[in-house]
Amino acid sequence: MKRLMLNTLVIILLSFPVYGGTGEYTKKLQAALPDFQMPDAWVTNHSPFRIVGNLYGVGGQDLSVYLITSEEGHVLLNTGAEGSMQHISANINSLGYDIKDVKILLSMQSHFDHTADLAIIRELTGAKMYATKKDAPILEDGGFSDPHFGGIETFRPVTVDKIIGNGELIELGNTKLTVHYHPGHTEGSSSYSMEVKENGKLYKVLIANMGTINPGKQMIVDPTYPGVSQDFAYTYKNQKMMDVDIWVAAHKSQYGFYEKYQAEQGYSPETFVDPDGYIDAIEELEIKYIKQLNAELKQKNDI
Ligand SMILES: [Zn+2]
């Protein structure tokens, strides 16, 4: 009897993706990359918060997940690492909404720390997964064809229902999101912009996929994918030309969330207004990119 109960418990535990490094894909990752350690901040929840208007943060301590609500259902952008769905769902509930009302799923970049639970949420809600043409095949094979981290499935493959193009408008109820191709970090990386009116003021909002360069990425010498260097250059240039009042990003650390937000202060649409910090953050990444280009050029000349 005891044995039976234990077996039942094991089955119950195994049937839920457990946050904190024991899920099936997290184990695969650890087997393939023994040096990889899932950062605590990637598997710890953060209480949900309102950014501006109908845009909310419902992700973890570092990995950003965004909910954009409308009277006709919601858009959910990104998940966290494997098992994050339970926290995302609880966060959405505590805002007074329901994950089951999510109609559109989006992704900023096809890396496992932002995509792991898209497939489970798509199944649970019946939401349609939209993706850019370059990220779609990677989402559909669970990261296997990723030119940098590929060769193994790093997250549960998710079916893409619709390809979204650069400049395309995604509309759901009163929500209007514009798609911006910002390739480099992944070949299909994308940002999303929206305008929000609060207290008679119009805010231009960008959910930005920043051009960060993962360790081991190659621009010139044996490039990670053909055109990767031009993609990064395009993204920095394009992002700097955008008129942005409020910006957030795929990682809270990228947009200085903890310097900007104090839960006890309550909601103000001004909290995340930061046009200068936006440009500074892009320029900081661009400097790193130029340094890497120089290093690779030198390496090429030395060969
Ligand atoms: Zn990434």
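Residues numbered from 1 in each chain as written. Predicted model: local features only at pLDDT ≥ 70, side-chain atom pairs only at ≥ 80, totals over all residues.

Considering the overall build of the protein
Quick note on the threshold: Helix and strand assignments follow DSSP, with helices taken as H or I runs no shorter than four residues and strands as E runs no shorter than two, numbered in order from the N terminus. Here the globule rule reads 2.2 Å times residues to the power 0.38, and the radius of gyration is calculated from C-alpha atoms. Throughout, a pair of residues is in contact if the C-beta atoms placed from their backbones lie within 7 Å.
When helices and strands are tallied, the protein shows 9 helices and 12 strands. Taken over C-alpha atoms, the radius of gyration comes to 20 Å for the protein, in line with the 19 Å a tight globule of 303 residues would show. Across the protein, the fraction of contacts at a sequence separation of at least 24, relative to all contacts at a separation of at least 6, is 63%.

Section: the pairing of strand S10 (residues 190-198)
We count it as follows: Two strands are said to pair when DSSP picks up at least two bridges between them.
The sheet contact formed by strand S9 (residues 175-181) and S10 spans 4 bridges and is antiparallel. Note on S10: the bridge partner recorded for Thr178 is Ser193. Relative to strand S11 (residues 201-208), S10 runs antiparallel, the two sharing 7 bridges. What sits directly across from Ser193, in S11, is Leu206.

Observations concerning the confidence of the model for the protein
To be explicit about the condition: The predictor rates its confidence in each residue with pLDDT, a number between 0 and 100.
Here the protein shows a mean pLDDT of 92. Residues at 70 or above account for 92%. Contacts for the low-pLDDT stretch residues 1-18, under 50 throughout, to residues beyond four places or in other chains number 6 contacts.

Structural notes on the nonpolar core
Rules: Put simply, a nonpolar core is buried Ala, Val, Leu, Ile, Met, Phe, Trp, Tyr and Cys residues tied into one set by C-beta atoms within 7 Å. Here a residue counts as buried when 20 or more other C-beta atoms fall within 10 Å of its C-beta, as exposed when 12 or fewer do, and as partly exposed in between; the C-beta atoms come from the backbone.
Counting residues in hydrophobic clusters, the biggest one holds 70 residues, and the most contacted among them are Tyr66, Leu76, Leu77, Leu105, Ile121 and Trp247. With near-sequence residues (within four places) excluded, Ile121 lies in contact with Leu76, Thr79, Met85, Ile99, Val102, Leu105 and Ala127.

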